Amino acid sequence: MSARSVLALFALVALSLATADRSRGDDSLARKWQDRLDKEPRFEFNHDANVFSSIKDYSCDCQLHLICGPGKTLDWSLAFVKNGKRILSLDAHEYTVFCNQLRGFEAAKRPEEDILYFAHFSPADCGCKVAAYDMSNGKQLWATDLKGVGDFDHSLWGNSVNIHLDEGVVYIAGEESSGKYLEVLDRRTGKTIAHRIFPKSNKDKKSGGSRAAKGEGSQ
């Protein structure tokens, strides 16, 4: 066997080992988070989360412009500007949420990459898609349609989302008319690694507390 063939063989073995290690790491992360979701005693949700609270916590290295018309809450847009040039525009509404940094103690341990994690959803329709954007150039890195609570035929709907980062993952809490869910995505790939649905309680059903039911989400 020639020296070149030997080197090629070593490279192939090294690549295989690296792929196997990465796969084991992904499986370990998935098991950790699914176990954590399964043990959650209750569903925690921040009903005050909206586009303004997201803007308050925003810290990417470019300007953010919120564009909205008078009297409209569902037809807004967010423009991200770097060095005087718009690099990204995203549809938004009053309840839009996004994040780009860890919280609390984790945030103090290491700086975050300049990546924005954005929840695309309608407050009056089911479902949500989470996407990651490189804010150095506005390029989309990945996009994932969440499992959520599933699709349902409906004429009136309420949909709310929370999103934040944890070590290595994007953590999403969703509250829709038919139920609630927690979902965890791998921050590198956007792959769903953990998911749990919480059925609506009798208290939830009696309160009718969805935005659509209150007339806030109707279009």
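Please refer to the structure higher up on the page.
Reference entry: report on the structure contained in this document. On a predicted model such as this, the values are computed, not experimentally measured, just so you know.

**A short note on the sheet that holds strand β11 (residues 192-199)**
- An order of β8-β9-β10-β11 is seen for the four strands of this open sheet, with the pairing classed as antiparallel. Among the strands making up the open sheet, the edge pair consists of β8 (159-166) and β11. Strand-to-strand twist of the sheet, defined as the mean angle between neighbouring strand axes without regard to direction, takes the value 15 degrees.
- Two strands pair when backbone bridges link them, and strand β10 (residues 179-186) and β11 are joined in this way by seven bridges, in the antiparallel orientation. Considered in β11, the bridge of E183 is made with H195.

**Quick word on the environment of K191**
- By the secondary structure assignment, K191 is in the loop between β10 and β11.
- K191 gets classed as exposed once you look at its relative accessible area, which sits at 54%.
- Taking the C-alpha atoms as reference points, K191 and V169, separated by 22 residues in sequence, lie 9.7 Å from one another.
- In this view, K191 contacts T144, V184, L185 and D186; residues no more than four positions away in its chain are not counted.

**A closer look at the pairing of β8**
- The buried fraction of β8 is high, at eight of eight residues.
- Along β8, one buried face is formed by N159, V161, I163 and L165 and the opposite face, lined by S160, N162, H164 and D166, is buried too.
- In the sheet, β8 pairs with strand β9 (residues 169-176) via eight bridges, with the strands oriented antiparallel. In the strand pairing of β9, S160 is matched with E175.
- Linking β8 back to β9 in an antiparallel pair, the connection comprises two residues, with G168 at a positive phi of about 80 degrees.

**Looking at the pairing of strand β5 (residues 115-120)**
- Within β5, five of the six residues are buried, which leaves the element mostly enclosed by the surrounding structure.
- Pairing analysis gives three bridges linking strand β4 (residues 97-99) to β5, with the strands arranged antiparallel. The residue of β5 that forms the bridge with C99 is Y117.

**Observations concerning the packing of aromatic side chains**
- By the definition in use, this model includes eight aromatic pairs.
- An angle of 15 degrees between the planes, with centres 5.8 Å apart, marks the rings of F43 and F45 as stacked.
- Looking at F43, the relative accessible area reads 14%, which means it is buried.
- Plain terms: the ring middles of Y58 and F80 are 6.0 Å apart, the flat faces sit at 55 degrees to each other, and that makes the pair tilted. Here Y58, found in the loop between α2 (51-57) and β1 (63-67), pairs with F80, found in strand β2 (residues 76-82); they are 22 residues apart in sequence, far enough to count as distant.
- When its relative accessible area of 0% is taken as the criterion, F80 is described as buried.
- By the ring-pair criterion, three or more aromatic residues cluster together here, those being Y58, F80, F98 and F118.

**Concerning the side chain of D186**
- Residue position: D186 is located in strand β10.
- If near-sequence neighbours (up to four positions away) are discounted, D186 is found in contact with D26, L29, W142, G168, K191 and I193.

The rules behind these values
- Residues numbered from 1 in each chain as written.
- Predicted model: local features only at pLDDT ≥ 70, side-chain atom pairs only at ≥ 80, totals over all residues.
- Heavy atoms only, no water.
- Pairing = 2+ DSSP bridges.
- Helix = DSSP H or I, 4+ residues; strand = E, 2+ residues; numbered from the N terminus.
- Axes fitted to C-alpha atoms, helices over the stretch in contact; angles between N-to-C directions.
- Buried < 20%, exposed > 50% of the residue type's maximum accessible area, 1.4 Å probe, protein only.
- Contact = heavy atoms within 4.5 Å.
- Phe/Tyr/Trp six-rings, centres within 6.5 Å; stacked < 30°, edge-to-face > 60°.

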